[in-house]
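The residues making up each chain are set out below.
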2 protein chains.
Amino acid sequence: MDKIQRNERIAVLLKMLSDSPGKLFTLGSFTELFGSAKSTISEDIDIVQKLMARFEMGLIETVPGASGGVRFVPFVGKNSIQEVTQSLCAELSRKERILPGGYLYMQDVIYDPQKVSQIGRIFSAQFYPKGVDYVITVETKGIPLAYITAQYLNVPLVIARHYNEATDGPSVNINYVSGSSKKIQTMVLSLKSIKRNSRILFIDDFMKAGGTAKGIIELAKEFESEVVGIGVLIGTVEPAKKLVDDYFSLLTLHSVDEENGIIDIRPSNF
Amino acid sequence: MDKIQRNERIAVLLKMLSDSPGKLFTLGSFTELFGSAKSTISEDIDIVQKLMARFEMGLIETVPGASGGVRFVPFVGKNSIQEVTQSLCAELSRKERILPGGYLYMQDVIYDPQKVSQIGRIFSAQFYPKGVDYVITVETKGIPLAYITAQYLNVPLVIARHYNEATDGPSVNINYVSGSSKKIQTMVLSLKSIKRNSRILFIDDFMKAGGTAKGIIELAKEFESEVVGIGVLIGTVEPAKKLVDDYFSLLTLHSVDEENGIIDIRPSNF
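Being a predicted model, the structure only gives us computed values, none of them experimental.

1. Quick look at the overall build of chain A
From N to C terminus, chain A includes eight helices and twelve strands. Counting all 270 residues of chain A, 51% fall into the buried class. Put simply, of all contacts in chain A between residues at least 6 apart along the chain, 61% involve residues at least 24 apart. Roughly 12,500 Å² of accessible area belongs to chain A as shown, and the carbon and sulfur atoms make up 49% of that amount.

2. Description of the packing of helix H7 (residues 143-153) of chain A against helix H7 (residues 143-153) of chain B
As a packed pair, H7 of chain A and H7 of chain B sit with axes 10 Å apart at the nearest point and diverge in direction by 75°. For the element pair H7 of chain A / H7 of chain B, the angle class is roughly perpendicular. In contact with Ile143, Pro144, Tyr147, Ile148 and Gln151 of chain A of H7 of chain A, H7 of chain B contributes Ile143, Pro144, Tyr147, Ile148 and Gln151 of chain B. Across the contact of H7 of chain A with H7 of chain B, the residue classes tally to eight nonpolar, two polar and no charged.

3. Here we look at the relation of the copies chain A and chain B
At an RMSD of 0.0 Å, chain A and chain B line up after a rotation of 180° and a shift of 0.0 Å along the axis. On the angle and the small slide along the axis, the relation comes out as a two-fold axis. A share of 100% of the interface residues of chain A reappears at the interface of chain B, consistent with the copies meeting face to face through the same patch.

4. Some points on the sheet that holds strand E5 (residues 134-138) of chain A
All names here are of chain A. Taken in spatial order, the six strands of this open sheet run E6-E5-E9-E10-E11-E12, and their pairing is mixed. The open sheet has two edge strands with one neighbour each: strand E6 (157-160) and strand E12 (262-267). Averaged over all pairs of adjacent strands, the angle between their axes in this sheet comes to 25°, without regard to strand direction. Direction of pairing for E5 relative to E6: parallel, over a ladder of four bridges. The residue bridging valine 138 from the neighbouring strand is alanine 160, located in E6. Helix-sheet contacts for H7 involve E5, E6, strand E9 (199-207) and strand E10 (226-236), and the interaxial angle to E9 is about 145°.

5. Re the interface of chain A and chain B
With 49 residues of chain A at the contact, the number on the chain B side is 49 residues. Between chain A and chain B, the buried area comes to about 4,300 Å², and carbon and sulfur atoms account for 58% of it. In this assembly, chain A and chain B are joined by four salt bridges. Two residues, lysine 141 of chain A and glutamate 165 of chain B, come together in a salt bridge whose shortest N-O distance is 3.0 Å. Remark: the boundary between chain A and chain B carries 18 residue pairs in polar contact (both at pLDDT 80 or more). Sorting the residues of the side of chain A that touches chain B by element identifies helix H1 (6-19), helix H3 (38-54), strand E4 (103-104), helix H6 (113-127), H7 and E6 of chain A as the ones contributing at least two each. The residue makeup of the side of chain A that touches chain B, split by class, is 27 nonpolar, eleven polar and eleven charged.

6. Some words on the sheet that holds strand E9 (residues 199-207) of chain B
All names here are of chain B. Reading across the sheet, the six strands line up as E6-E5-E9-E10-E11-E12 and stay open at both edges, with mixed pairing between neighbours. This sheet does not close on itself; its edge strands, each paired only once, are strand E6 (157-160) and strand E12 (262-267). Put simply, the sheet's adjacent strands are angled 25° from each other on average, direction ignored. Together, strand E10 (226-236), strand E11 (248-257) and E12 form the strand contacts of helix H4 (residues 78-92), whose direction differs from that of E12 by roughly 170°. Its contacts with the sheet place helix H6 (residues 113-127) against E9, E10 and E11, and it is angled at close to 140° to E10.

7. What to know about the nonpolar core
Val135 of chain A together with Val135 of chain B are the most contacted members of the largest nonpolar core, which totals 81 residues. Those residues within four positions of valine 135 of chain B in sequence are excluded, and the remaining contacts are Ala146, Thr149, Ala150, Leu153, Val155, Pro156, Leu157, Val158, Leu201 and Ile203 of chain B.

8. Describing the domain arrangement of chain A
All names here are of chain A. Assigned domains within chain A: domain 1 (6-73) and domain 2 (78-267). Relative placement of domain 1 and domain 2: their C-alpha centres are 33 Å apart. The interface is formed by ten residues belonging to domain 1 together with six residues belonging to domain 2. The junction of domain 1 with domain 2 conceals about 540 Å² of combined surface from both sides, 43% of it contributed by carbon and sulfur atoms. Looking only at domain 1, the three residues that lose the most surface to domain 2 are Pro21, Glu56 and Val73, adding up to 70% of its buried area. Our enumeration of links across domain 1 and domain 2 arrives at zero salt bridges. Between domain 1 and domain 2 we count three residue pairs in polar contact (both at pLDDT 80 or more) in total. Among the elements that make up the side of domain 1 that touches domain 2, the one with the highest residue count is strand E2 (residues 69-73) (three residues). When its residues are assigned to classes, the side of domain 1 that touches domain 2 shows four nonpolar, three polar and three charged.

9. Regarding H3 of chain A
Compared with the 24 Å implied by 1.5 Å per residue over 17 residues, the 24 Å span of H3 of chain A between its first and last C-alpha is a close match. Every buried residue belonging to H3 of chain A is among Ile41, Asp44, Ile45, Val48, Leu51 and Met52 of chain A, and all of these are buried. Down the axis, H3 of chain A shows its buried residues gathered within 120° of arc, on one side only. Its buried side turned inward, H3 of chain A meets H1, helix H2 (27-34), strand E1 (59-63) and E2 of chain A together with helix H1 (6-19) of chain B. At the C-terminal side of H3 of chain A, glutamate 56 of chain A shows a positive phi close to 50°.

10. Side note on the packing of aromatic side chains
Under the counting rule described, the total for this entry stands at eight aromatic pairs over all chains. Residues tyrosine 147 of chain A and tyrosine 147 of chain B carry aromatic rings whose centres are separated by 6.0 Å and whose planes lie at 65° to one another, so their mutual orientation is edge-to-face. Taken together, the residues tyrosine 147 of chain A in helix H7 and tyrosine 147 of chain B in helix H7 connect one chain to another. With relative accessibility at 0%, the residue tyrosine 147 of chain B sits in the buried group. Each ring, one from phenylalanine 25 of chain B and one from phenylalanine 30 of chain B, has its centre 5.5 Å from the other, and the planes form 20°; the classification is stacked. Across the pair, exposure class does not vary: phenylalanine 25 of chain B and phenylalanine 30 of chain B are buried alike.

11. Topic: the side chain of threonine 252 of chain A
Residue and element names in this part refer to chain A. In this structure, threonine 252 sits in strand E11 (residues 248-257). For threonine 252, a relative accessible area of 16% corresponds to the buried category. Of note is the side chain of threonine 252, whose polar atom sits 2.7 Å from the side chain of serine 268. The contacts of threonine 252, once residues within four sequence positions are left out, are Gly235, Val237, Asp264, Ile265, Arg266 and Ser268.

Reading the values: rules and limits
- Residues numbered from 1 in each chain as written.
- Chains lettered and ligands numbered in written order.
- Predicted model: local features only at pLDDT ≥ 70, side-chain atom pairs only at ≥ 80, totals over all residues.
- Heavy atoms only, no water.
- Helix = DSSP H or I, 4+ residues; strand = E, 2+ residues; numbered from the N terminus.
- Buried < 20%, exposed > 50% of the residue type's maximum accessible area, 1.4 Å probe, protein only.
- Contact = heavy atoms within 4.5 Å.
- Areas by Shrake-Rupley, 256 points an atom, 1.4 Å probe, with all protein chains shown as cover.
- Axes fitted to C-alpha atoms, helices over the stretch in contact; angles between N-to-C directions.
- Parallel < 35°, antiparallel > 145°, perpendicular 65-115°, else oblique.
- Nonpolar A, V, L, I, M, F, W, Y, C, P; charged D, E, K, R; others polar.
- Least-squares fit on C-alpha atoms with pLDDT ≥ 70 in both.
- Pairing = 2+ DSSP bridges.
- Buried area = accessible area lost by both parts, 1.4 Å probe.
- Salt bridge = Lys/Arg side-chain N within 4 Å of Asp/Glu carboxyl O.
- Polar contact = N/O pair within 3.5 Å; in protein donor to acceptor, adjacent residues only side chain to side chain.
- Core = buried A, V, L, I, M, F, W, Y, C linked by side-chain atoms within 4.5 Å.
- Domains from an automatic or database assignment.
- Expected span 1.5 Å × (residues − 1).
- Arc of directions from axis to C-beta.
- Phe/Tyr/Trp six-rings, centres within 6.5 Å; stacked < 30°, edge-to-face > 60°.

Spelled out as structure tokens, the structure:
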């Protein structure tokens, strides 16, 4: 193998660090990998740090001392968040989206890789400090968002379903009451999918009364695990009293005026 | 803004090019963006090209002439494919995976961001030449694979569902016969989700007789569109005669011996 150049070291460092958020890498591990001096690697990391800051790819934290090193922390700056949320609101408030019953057509947004990626980065930065072990969602519309958040946090995704299937193996069923329609629904999760004592992040596209989120909290209990975060793309203003207390919604839907074709959706205050 | 350094230009070029597979960028667009000379940009692109080759991130194609430029082409080398498929086979042939009826528990693999990402890169390289407009899948288990393939191809994802919902808006329903169970099933797709005359790639986790794939071909016809590729993680040897002729399976499941706990799964020949 040719001697590795600075440009290449930087590309490798950037990838290794961002692929394992929160993982502490010692400088020694890099000097060994590249066969370079510690001072050279320090300079490389400095460049990676600046690059990440400049393009808002995340932060590099330095832990000093003998057992120290560097680690990647997901981060999105305030300006970027504002840009993303404002552009999403502009897109989602187009009146052609209104469906009978005041529902909004959003599939082109929540299945679009570029938009999903931007939203997932914000979720991962928001929930990284919680020390998440799994990201969970309920089929179907929240799956891309949950998947990409899991990818940025480098943890497994888990999908609860409405019906069980032969490929689930033994599974846990719980019933929950949809907060808005008051209908009883079922959630199924394979027993193998979550280890006991895990910290779980629930991600979904939309939250009205919070019935699904409450169901996930109940489901987590059956796995002796805890929901440490709830993140949704859109939360509604009404009902003001949700079935869960603590959640993060990127956007807030204030109202849908079917008659006049006006959707009032705004970036949330957080 | 400070003058942009080579390291930073390279990071930006790498991101811009790989974010838009197939898109032709003129050198002029980069000289403008960075305020650098053409010769400097040429050298930068040379470095990006080598970096991508070295870390198998993809190819940079150069189109000569006045209207020429450079573009990113998804690519995964034979050795990488072999490494990925062999490690997947080792993982998937663990006997603990066998479920009653000879089914395999695979959720930990098909929902794992790192593995899904590796598989999606191979799918995107395989199907890039087809000129794909949309990636489609049917809920639920193939969604992460389909999503990441769509991301690498930079096209929208579309998800067909089994039941329609208020948030779908007007939709097309088709019935199809599951190839193995012979059961009649329904597939629903929102009318807004696919433009007419599109080229569609179907991605799924598993294919036995090919009933779902055939259903997707029928569904595409209702949108006056064409399925130009079918990619599955695992195809089964039996039945040898599938309901679709042309498909790409990364792995082939030869047999599941429930009694002796032996799963025979191998990288496909392609």
